[in-house]
Amino acid sequence: MVQASAPGKCILFGEHAVVYGQPAVAVAIDQRMTVSLEISDVWRIDGMRFSPERHPHVESLKQRLWANGPSLSIKVNGDIPPASGLGSSAALSVAASAALRCARGRQIKDDDWGEGWTAARPNAVYTGPWDVEQGDSVQTGKDSVDVDECAILSHAVEASAQGGRASPLDSSTCSHGGCIVLSDKVESDLNWIYSRTLNDVSWEVHAVDLPKEIEDVWLVIGNTGIHAPTSEQVAKVARLLENEPGRMREIETIGIIARRGIAALKEGNMEGVGRAMRENHLLLRSIGVSCSELESLISAAAPSSLGVKLTGAGGGGCMIALTRNPKETSEAIELAGGRTLISKIAAHGLIVESDDNSPLWNPFE
Ligand code: PMV
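Summarised in this report is the structure supplied together with it. (Residues numbered from 1 in each chain as written. Predicted model: local features only at pLDDT ≥ 70, side-chain atom pairs only at ≥ 80, totals over all residues. Heavy atoms only, no water.)

**Considering the overall build of the protein**
Here's step 1: Secondary structure assignment for the protein yields nine helices and 18 strands.
Here's step 2: Relative to a compact globule of 365 residues, whose C-alpha radius of gyration would be 21 Å, the protein shows 21 Å and is just as compact.
Here's step 3: Projected onto its principal axes, the C-alpha positions of the protein cover 65 × 40 × 40 Å.
Here's step 4: Within the protein, the proportion of its 365 residues that are buried is 57%.
Here's step 5: Taking as baseline every contact in the protein between residues at least 6 positions apart, the subset at least 24 positions apart corresponds to 74%. (Helix = DSSP H or I, 4+ residues; strand = E, 2+ residues; numbered from the N terminus. Rg over C-alpha atoms; globule rule 2.2 N^0.38 Å. Buried < 20%, exposed > 50% of the residue type's maximum accessible area, 1.4 Å probe, protein only. Contact = heavy atoms within 4.5 Å.)

As structure tokens, then:
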């Protein structure tokens, strides 16, 4: 059996403002999605007949990595609630990309990739495979998996499942883990890792090295259970800015706060991170993306936390609290009617957990 897992994510700073070019900061969380694969007589997912309509991300990956391959039984497990802004579909896509790649191996030519997905502008492209020649080999199992390739594929399938629009924030954070910053320019004080372009929009993706002080704090995620589609919240902010162009000042202020939050994170100044979260939330509320349910979870968590804010698109979905007392904060949120998850900051990215009996299929014969 081949098995891989990837973490979910939450946004610490910069949601909505990132749509207008400001930096956004996301961290990987302890909650993960795990995908395992075995050869099967017919295509199955979690024991049921596989339906492409119900699993568009897996279907897209199957076309890209498993075209003409034998039937598989796919098992998906995880503790990331779906459709709540915590990156469940990106984590699933990253884990599934890794599992499929591991299960088929990779053609190697002249000590380099003979085939694979790369981020060419304006989209992900596939090169290879080449005609098999003497001296070629097939890399198998864990060694064939590449984190960047999984991030590229996850971004591509997220975009195709969402009508062509998706930033690489989820796919990069769920692949690489840790802390990822997206911006419309290279941020000189961060570790730039790559640029991504999709449908004429470009992003610069950076990783942030975090100090040991993050070990002393937790994130408590409070879920309102209200589903508010991201596209509607983004459209709401767009209407506000169209009607009142002066409100762009608030978007720019979110960018300033996000940069201050990143600086505090890097210094290990957790009080500073919490302060920036609170300020970021006030601006999100002022541009109209909070709601009474989020506000009551936030008020309940505030007394025991360093900082509290909504996370993701808002209008429902989740809030996060940065705290030194996760149990107390979590109980307060639950008393106010939220469901909670507790996570450390910046979990591990993609992990290939088992490559037993791989490759399951050799497409290069
Ligand atoms: O709720 P999520 O994780 O999909 O985050 C949305 C973040 C926004 O900035 C509101 C939208 C976007 O595309 O960046």
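There is more to say after this.
**Re the packing of aromatic side chains**
Here's step 1: Here the structure, examined in full by the defined rule, presents three aromatic pairs.
Here's step 2: Ring centres of Trp 43 and Phe 50 lie 6.1 Å apart, and the angle between their planes is 45 degrees; on these two criteria the pair is classed as tilted. The residues Trp 43 and Phe 50 share a single accessibility class, namely buried.
Here's step 3: The ring of Tyr 194 carries the charged tip of Arg 196 above its face, separated from the ring centre by 3.5 Å.
Here's step 4: The lysine or arginine in question, Lys 344, covers the ring of Trp 218, its NZ or CZ lying 4.7 Å from the ring centre. (Phe/Tyr/Trp six-rings, centres within 6.5 Å; stacked < 30°, edge-to-face > 60°. Lys NZ or Arg CZ within 6 Å of the ring centre and 35° of its normal.)

**As for the layout of surface pockets**
Remark: the empty space left among the atoms is shown by a probe the size of a water molecule rolled over them.
Here's step 1: In this structure, the largest pocket occupies an estimated 1,400 Å³ of space.
Here's step 2: Elements that contribute at least two residues to the lining of the largest pocket include exactly strand E1 (2–13), helix H2 (88–104), helix H4 (169–176), strand E13 (201–207) and helix H5 (230–243).
Here's step 3: Per-class residue counts for the lining of the largest pocket are 19 nonpolar, 23 polar and six charged.
Here's step 4: Each of domain 1 (2–209) and domain 2 (212–343) gives at least three residues to the lining of the largest pocket.
Here's step 5: Empty space within the second largest pocket amounts to approximately 220 Å³.
Here's step 6: At the level of secondary structure, the elements contributing two or more residues to the lining of the second largest pocket comprise strand E4 (48–49), helix H1 (56–65) and H2.
Here's step 7: Residue contributions to the lining of the second largest pocket peak at three residues, all from H1. (1 Å grid on protein atoms, 1.4 Å probe; cavity = no way out; pocket = protein on both sides within 12 Å on 5 of 7 lines; lining within 4 Å. Points joined across faces, edges and corners; volume = space filled by probe spheres on them. Nonpolar A, V, L, I, M, F, W, Y, C, P; charged D, E, K, R; others polar. Domains from an automatic or database assignment.)

**Considerations on the sheet that holds strand E10 (residues 137–139)**
Here's step 1: Read across the open sheet, the three strands follow the order E7-E6-E10; overall the sheet is antiparallel. The open sheet terminates on both sides in strands that have one partner only, identified here as strand E7 (112–113) and E10.
Here's step 2: Pairing geometry for strand E6 (residues 106–109) and E10, over three bridges, is antiparallel. Residue pairing in the sheet places Ile 108 in a bridge with Ser 137 of E10. (Pairing = 2+ DSSP bridges.)

So far we have only geometry, and geometry alone does not tell us how the molecule works.
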